[in-house]
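Secondary and tertiary structure notes
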Amino acid sequence: TRRRQRIVPVVPLVTNDSLAFTELIGKLYYGEKDHKNLSQKMIRYYLEHIRTTYNVPTTHLNAVMVEKLARKLNKPIKEIETFIKYLNTQLMASQLSEPQIKQLYIILKKYS
């Protein structure tokens, strides 16, 4: 006797809900004009990305971290050094404007 083949059900693709959630929270902070808090969260999220993707410790943004990150990203040390200094100034700033947030977003995308 022959067996009949069963129809295999189509499984829907898995969506990344954490990314959608992050974008929603970003839009909320952006809409509330809380640029300082938004920049801190963006930088914290980026540093978490560096820790998990490249396995580079980011607790201290110092020369050792710059050297490791430059090696992982295959970029010159001077360029990464200015990038990390820029992140430090954004973290320490008391107020940020809308163009500064947009510039931070572009720069973080460049080094992702």
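Here, the structure is the one placed above.
Now for a description of the structure that goes with this document. (Residues numbered from 1 in each chain as written. Predicted model: local features only at pLDDT ≥ 70, side-chain atom pairs only at ≥ 80, totals over all residues. Heavy atoms only, no water.)

What follows covers the nonpolar core. One finds Tyr46, Ile80, Phe83, Ile84 and Leu87 to be the most contacted residues of the largest nonpolar core, which totals 26 residues. Looking at this core, the elements that each hand over two or more residues are helix H2 (35-54), helix H3 (63-73), helix H4 (77-92) and helix H5 (98-110). With residues near it in sequence (within four places) discarded, Phe83 still touches Tyr46, Ile107, Leu108 and Tyr111. (Core = buried A, V, L, I, M, F, W, Y, C linked by side-chain atoms within 4.5 Å. Buried < 20%, exposed > 50% of the residue type's maximum accessible area, 1.4 Å probe, protein only. Helix = DSSP H or I, 4+ residues; strand = E, 2+ residues; numbered from the N terminus. Contact = heavy atoms within 4.5 Å.)

The next thing to look at is the side chain of Thr58. For Thr58, the location among the structural elements is in the loop between H2 and H3. Of the residues examined, Thr58 reaches a relative accessible area of 5% and is grouped as buried. Those residues in contact with Thr58 that sit more than four places away from it in its chain are Leu47, Ile50, Arg51 and Met65.

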